[in-house]
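A closer look at the structure
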Amino acid sequence: MSAFKDFDTTWVMVVDIDKCTGCGACMAACQTENNIAPQPDASNKLRTVSWMTVYELSNKMPFPDHDMAYLPRPCMQCGNPPCVSVCPVIATDKNENGGIVSQIYPRCIGCRYCVAACPYHARVFGWYDPVWPEGMQKTLTPLTSTRPRGVVEKCNFCHHRLNLAKDAARAQGKNPEDLEDGAYKPSCAEICPTGAISFGDAKNAKHKVHELIKSPNAFRLLERLGTKPQVYYYSKREWVRRQGDNYLKSEKV
Amino acid sequence: MGIDRRAFIGLVAGGVAGTLFTPIPWKMADDLSIWSQNWSWIPRVPKGPVAYAYTSSKLCPSGTGLKVMTVGGAPVTAAGNPDHPLSQGGVSSIGRSETYMLYSPARVKSPLKKVNGKFEPVTWEEALTALAEKCKAAGAKIACVSGDQTGTANEVLSAFIAKQGSSAYYMVPSEKQSAAKAWSLMGGAGQPGFDVDNADCVFILGADMFETWGSSIRNRKAFGASRDASGDAKAAFIYAGPERDGTGSVCDAWIPVKPGDLAMVALGVAWILMEAGAMPSGPGAAEFVSYVKSNCSPDKVEAACGLKPAVLVGVAKMLAGAKAPLVVPGSPCGQGGSAAAFMAGMALNMLLGRINKPGGVVALPALPKAVDGAMDQADILKNDLLAFLKDAGAGKAPEAVLFYEANPAYGLPEADAMAEAIAKIPFKVSFASFMDETAALCDLVLPNSLTLERFDDVASPYGVAFNVYSLVKPLTKPIYDTRTTADFILALAEKMGASLGFASMEEVLKAKVEALALAGGFIAKDVQPWQALAGSSAPEPSADLWADLEGGYAWVLAAGAEQTGLGYAGGVLAKAVKPIEGKVVLAPYARQTSGTPVMGIPAQNLTIVPDNELINTATFVKMNAETASWFGVSEGSSITIEGAGQKLPVKVHLSENVMTGVIAAPLGFGHSAFDQYSKGKGVNILRVLAARVEEGAGVAVWDGAAVNIA
Amino acid sequence: MEKKSGKAGGVGGFILLFLVGLVGSLIVGWVVFPSLLFSQKTQPIRFSHTVHAEQGMECEQCHYLTEDGQFMGLPSTESCADCHPDETGEDTPNGKEIDKFVNEYGKTGAQVPWLVYQYQPDNVFFSHSAHQGFQCTDSGCHPPVETMDAPPVYEENRITGYSKQTMKMWQCERCHAQMGTSNACYVCHK
């Protein structure tokens, strides 16, 4: 389909849906790690900025046969990112080893083609200038630059943490291109109270996710679109896996 | 010399041509494009060395250890401390808020005194003098209300009022207090703890243990560790409660049970276990057996709660077949839990022989106190805040009341009546860090410094199976003109000539740590306390406990209190087990995203609150389609909930996660105080929630209540 | 057409004034403009690198990489105060400068607001640890301050607010391209 290169390192996230209690700690971790401003009108989700969103899934059965699950959704860092090919100014690209889809805010012109192209709703448009209550800007992290209104932003697997992990590896005389399992972890994966989020290099046999993604219980969202997401989900529940794509009733998952 | 038109054109053309060979146009274009990205009102990110500092969260009830990232020395973000047993790297959205809440617009920025109904700033010295006078005048007619469930500050405050001759010290009701009352009715000793880490079958009786019950991060870590995606689950979890919530959604099974029926269901399981040969013994066992035999057979449970006998048999089989079964009773909303349900759940643990066993119930012996004259925690927990405030409402209030980390005007059932009662107290002081509903009613507001600004501690949050102690130390100077309340109280006592023997909270904590060192225990580093409970030999005690605690490590003591008088309290149970009468039962639930009563909704959490709980200013309650059909309502319908003499407008969200006959409603909204992130967002469900008193136990319960829908 | 002698006009006048305009604008563009564009600022403390280098101090004593790969470029007030805890009382220029440090920063604990010649915008991630193999000065990134008794004048662009020395993206990219290093966006951006 498209000419995106296969990288030696492929950072993947594996979310164990059966462990997610929907507590929102991942979202809280993401907001402050990535300098997303608190939003006084966020009780209406129409224009909120959130890179990680927890969705509630339902098996659509009436009580008492009903079952539910939570699905945290970061950016999928697709192998074939539909957002990249539509960007008129190359503000977003997939060109670095590891496969994380970049987003450069000063380059973005706010046309929102990428928002429309993303089948996962992973991209958000900043409708408002990021304003912190007086003094609270002192808790900004040096890790992610702030964005003005009018540009698109999205999860980048806390890419700054990859840079920091590489720096640490260099300082310790290790190979920055062959990080140990756990040396690089996004903020959500680090903070998750049940440990539902695993992270690592899918191509590195020493990383736990290398095996995890081969499980028959592992799946990706809308896999048949050919987007090749780098986020995997895991559930032992068949109905959950079935909601990962638009399956016909007769189809087996 | 004149210039004609042609010469002028020559000059301009020369100028333009020349300019093109200078950097002016190119540099200007470049610089202007850079300038266009410098928005003065959009903050720049800080520069400076990144470092990490360790402390523990006081805002989060789970008492997690924090790893705080600092930039140039200033705290920036809070993550879980991977070396702390209560967090192991995990942290809740509340713990995460510890850094930015330093700058919450709702913070009280200096001491305030109410003059003609309005707050005016005063100095700390003026406040100290004013309060000393009032306290002197009040004498023994002084009371204190504390919402700090884990801190040694309670020792300072209770010793202070004890010196005045008062023992009117009240804790804000919590799971801890509900459990303490029920446990003492059973003759149990110590603070009940549940060794979830070593259990292989956990029957959760109502407790929302992965959200609000106990040290919930610890619970979630234990749950997570029991199910590695690459293998089979090492422990089974069954949840019984009115709603399939955060806890229920990840458990292997959900048993729908209304709040008032939890005890009945547990006793139904007990009936089956007894039929299979389990024999209760000890105090109250005879009454227990006769009550259960005649009232709790599976068919009777089915008649009362609508549960199929096969479900109960299934639970009983799983528990009986497990090597280390555990029953965890608690409230689905984190407060106002049923004593009957607790006793029934504990009776199951006793029937299964799970007291003082790895993976069972381990009650914690009380830790040594540091402050002379401080009240015992067990005694404090006997005092009933609800009864106290009802008396105050009836005009029997003491002269002066101190509110520490407590917001009873918002966070108690029948909240309107509570706020009215508080308003009737002649002189009231709040030590709130944020301008909450209670502080707004007070005559003096003396802001407590926040977690990252003060010395404090976290001792054994409710629910953990081992005594655990961690230190809270200041990582930054107070941002505003605030003080550590304990420091202020020590100075106040000194001024009133009733010194407590310490000059600062830091000194108190050093004394506490010294006392702990004598009690044994170890630093949880290589050996974790649950491993010690399971039989691993405990390491040597720390050589320098204070230094280890300052480094963010936790001191633990893995030993259960000896149970000499523990019994089944059959007589009490027989009276206390009673369903909630009514067509629909309101089952409140609490989520960490909406914060706690003393902090409001953390600024960043408003984004995380899901849109099936809150949209704009409307609170959504959940009911299933069948319940909705009773009232002819559908998704998004506006309804009014009536209860406790109040009416609240809410909207309907249809959810099959809620059992029939139950309306699940989120707590934590509808603040009338705090800032733009909390104020006016939704309604406070506690306003329509009436507390019921369980007969026999004499305990107020509000994990559910009958309500009318209009 | 009336002939106007003694006046610049005609083709000759055009050429003359064209040259005047050309030369004038070149002077303005190359000499006046740069001096107008940049304001000159001096460092809060006239720190002498030469004095410290002559004491036998290594660069790495103050500018070093930590174990986690962070570059500590600016020594903290505390580390300066390790050697300069008290006023010297000397009347020499260096002594006065040390006393200025001790009084204004050492005693108050405030950090010296050094002007950094190479601060990049917030959205740039630059890793010193990734560039360890290059010489600090020979590669053209930093001036040879070890030979300077006074820090170079800090020139601030009046339009952008950045230092004149701030390296541009094309410079980073050119070197990356020459070295065969990736120029992917996220290699340098955050």
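Note that this is a predicted model, so its numbers are computed, not measured. (Residues numbered from 1 in each chain as written. Chains lettered and ligands numbered in written order. Predicted model: local features only at pLDDT ≥ 70, side-chain atom pairs only at ≥ 80, totals over all residues.)

1. Regarding the overall build of chain C
Scanning chain C for helices and strands turns up six helices and four strands. Starting at the N terminus and walking to the C terminus, you meet the elements of chain C as α-β-α-β-β-α-α-β-α-α. If one aligns the C-alpha atoms of chain C with their principal axes, the spans along those axes are about 85 × 50 × 30 Å. Residue burial in chain C is summarised as follows: out of 190 residues, 16% are buried. (Helix = DSSP H or I, 4+ residues; strand = E, 2+ residues; numbered from the N terminus. Buried ≥ 20, exposed ≤ 12 C-beta atoms within 10 Å, placed from the backbone.)

2. Here's the deal with the overall build of chain B
Along its length, chain B carries 24 helices and 27 strands. Over its C-alpha trace chain B gives a radius of gyration of 29 Å, about what one expects of a compact globule, namely 27 Å for 710 residues. Structurally, chain B occupies a C-alpha span of about 125 × 65 × 55 Å along its principal axes. When contacts within chain B are restricted to residue pairs at least 6 apart in sequence, those whose partners lie at least 24 apart make up 75%. (Rg over C-alpha atoms; globule rule 2.2 N^0.38 Å. Contact = placed C-beta atoms within 7 Å.)

3. Quick notes on the environment of F403 of chain B
Residues and elements named next belong to chain B. Positionally, F403 belongs in strand β12 (residues 400-404). The spatial distance from the C-alpha of F403 to the C-alpha of P283 is 39 Å, given a sequence separation of 120 residues. Ignoring sequence-local partners within four residues, the contact set of F403 consists of V145, K428, V429, S430, F431, T438 and C442.

4. Points about the interface of chain B and chain A
Counting residues at the interface gives 65 residues for chain B and 59 residues for chain A. Residues of the side of chain B that touches chain A, tallied by class, amount to 31 nonpolar, 23 polar and eleven charged. (Nonpolar A, V, L, I, M, F, W, Y, C, P; charged D, E, K, R; others polar.)

5. A short note on the pairing of strand β5 (residues 118-121) of chain B
Bridge count between strand β4 (residues 112-115) of chain B and β5 of chain B: four bridges; the pairing is antiparallel. Counterpart to V115 of chain B in the pairing with β5 of chain B is K118 of chain B. (Pairing = 2+ DSSP bridges.)

6. Thoughts on the sheet that holds strand β15 (residues 456-459) of chain B
Residue and element names in this part refer to chain B. Pairing in this open sheet of four strands is antiparallel, and the strands run β15-β16-β18-β17 from one edge to the other. Every interior strand has two partners, whereas the edge strands, β15 and β17 (522-523), have only one. When β15 meets strand β16 (residues 467-472), the two strands line up antiparallel, connected through four bridges. The residue of β16 that forms the bridge with V458 is S470. The strands touched by helix α20 (residues 505-518) within the sheet are β15, β16 and β18 (555-557), with β15 carrying the most contacts at an inclination of about 35°. (Axes fitted to C-alpha atoms, helices over the stretch in contact; angles between N-to-C directions.)

7. Focus: the interface of chain C and chain A
Taken together, the contact pairs 18 residues of chain C with 22 residues of chain A. With three residues, helix α6 (residues 185-188) of chain C is the largest single contributor of residues to the side of chain C that touches chain A. A class-by-class count of the residues in the side of chain C that touches chain A yields seven nonpolar, seven polar and four charged.

8. Side note on helix α4 (residues 93-106) of chain C
All names here are of chain C. Compared with an ideal rise of 1.5 Å per residue, which puts 14 residues at 20 Å, α4 spans 18 Å between its outermost C-alpha atoms and is within 8% of the ideal. For α4, every residue scored as buried is listed here: I98, F101, Y105 and G106. Buried residues in α4, looked at end-on, bunch into an arc of 75°, giving them a common side. Looking at α4, the residues exposed on the side facing more than 90 degrees away from the buried face are P93 and N103. (Expected span 1.5 Å × (residues − 1). Arc of directions from axis to C-beta.)

9. Considering the nonpolar core
Within soluble globular proteins, side chains that are nonpolar tend to cluster in buried spots. All names here are of chain B. Counting 313 residues, the largest nonpolar core has V156, I204, A266, V269, A270 and M343 as its most contacted members. Shared between two domains, this core holds at least three residues of each, these being domain 2 (177-351) and domain 3 (578-709). Once residues within four sequence positions are removed from consideration, A266 is found in contact with L205, A341, A344, G345 and L348. (Core = buried A, V, L, I, M, F, W, Y, C linked by C-beta atoms within 7 Å. Domains from an automatic or database assignment.)

10. Quick word on the packing of helix α5 (residues 153-163) of chain B against helix α19 (residues 485-495) of chain B
Residue and element names in this part refer to chain B. Running from N to C, α5 and α19 cross one another at 25°; their axes reach a closest spacing of 9 Å. By the criterion of interaxial angle, the relationship of α5 to α19 is roughly parallel. Crossing of α5 against α19: the hand is left-handed. Where α5 abuts α19, its residues A153, V156, L157, F160 and K163 lie against T485, A486, I489, L490 and A493. (Parallel < 35°, antiparallel > 145°, perpendicular 65-115°, else oblique. Left-handed = near helix turned anticlockwise from the far one by under 90°.)

11. Topic: unusual backbone geometry
Of note, the bond from F63 of chain A into P64 of chain A is cis; its omega dihedral lies within 30 degrees of zero at 5°. Structurally, the position occupied by P64 of chain A is in the loop between β2 (53-58) and β3 (68-73). With phi around 50°, N116 of chain B is a residue other than glycine that occupies positive phi space. Tracing the backbone shows N116 of chain B in the loop between β4 and β5.

12. With respect to the sheet that holds β5 of chain B
The strands that make up a sheet pair up through hydrogen bonds in the backbone, lying either parallel or antiparallel. Residues and elements named next belong to chain B. Across the sheet, which stays open at both edges, the seven strands sit in the order β5-β4-β14-β13-β12-β6-β7 with mixed pairing between neighbours. Edge positions in the sheet fall to β5 and β7 (169-171), since each of these pairs with one other strand and no more. Pairing geometry for β12 and strand β13 (residues 427-430), over four bridges, is parallel. Within β13, the residue paired with A400 across the bridge is F427.

13. Remarks on the environment of K136 of chain B
Residues and elements named next belong to chain B. Structurally, K136 can be placed in helix α4 (residues 124-138). Judged by the 13 C-beta atoms lying within 10 Å of it, K136 falls in the partly exposed class. For K136 and M496, which are 360 residues apart along the polypeptide, the C-alpha to C-alpha distance reads 7.4 Å.

14. Looking at the domain arrangement of chain B
The figure often quoted for interface size is the accessible area lost as the parts come together. We note that the domain assignment places domain 1 (5-35), domain 2 (177-351) and domain 3 (578-709) within chain B. One C-alpha centre belongs to domain 1 of chain B, the other to domain 3 of chain B; they are set 69 Å apart.

15. Regarding the pairing of strand β23 (residues 646-654) of chain B
All names here are of chain B. Strand direction decides the pairing type here: strand β21 (residues 618-623) and β23, joined by four bridges, are parallel. Opposite V621, over in β23, you have V652 as the bridge partner. Pairing geometry for strand β22 (residues 638-643) and β23, over six bridges, is antiparallel. Its bridge partner lying in β23, I641 is registered against L648. Here β22 hands over to β23 after two residues, with A644 in that stretch at a positive phi of 50°.

16. Side note on the environment of H176 of chain C
With respect to the secondary-structure elements, H176 of chain C resides in helix α5 (residues 169-179). Sequence-wise, H176 of chain C and A53 of chain C are 123 residues apart; in three dimensions their C-alpha atoms are separated by 32 Å.

17. Observations concerning the packing of helix α11 (residues 298-305) of chain B against helix α12 (residues 309-321) of chain B
All names here are of chain B. With their axes 9 Å apart at the nearest point, α11 and α12 run at an angle of 120° to one another. As the angle between them shows, α11 and α12 are arranged oblique. Regarding α11 and α12, the two cross each other, and that crossing is right-handed. For the pair α11 and α12, the contacting residues are P298, D299, V301 and E302 in the first and P309, L312 and V313 in the second. A breakdown of the residues in the contact of α11 with α12 according to their chemical character gives five nonpolar, no polar and two charged.

18. Details of helix α4 (residues 159-171) of chain A
End to end, α4 of chain A covers 19 Å across 13 residues, agreeing with the expected 18 Å (1.5 Å per residue, within 8%). Buried within α4 of chain A we find H159, H160, R161, L162, N163, L164, A165, K166, D167, A168 and A169 of chain A. Each element contacted by the buried residues of α4 of chain A is listed here: α6 of chain C. Immediately beyond the C-terminal end of α4 of chain A, within one or two residues, lies G173 of chain A, with a positive phi of roughly 75°.

19. Considerations on the confidence of the model for chain C
All names here are of chain C. Taken over all residues, the pLDDT of chain C has a mean of 90, while the share at 70 or more is 95%. Mean pLDDT across the elements of chain C ranges from a minimum in helix α1 (residues 10-37), with 90, to a maximum in α6, with 95. Throughout residues 1-6 the model reports pLDDT below 50, and contacts reaching past four residues in sequence, or to other chains, amount to one contact. (pLDDT = per-residue confidence, 0-100.)

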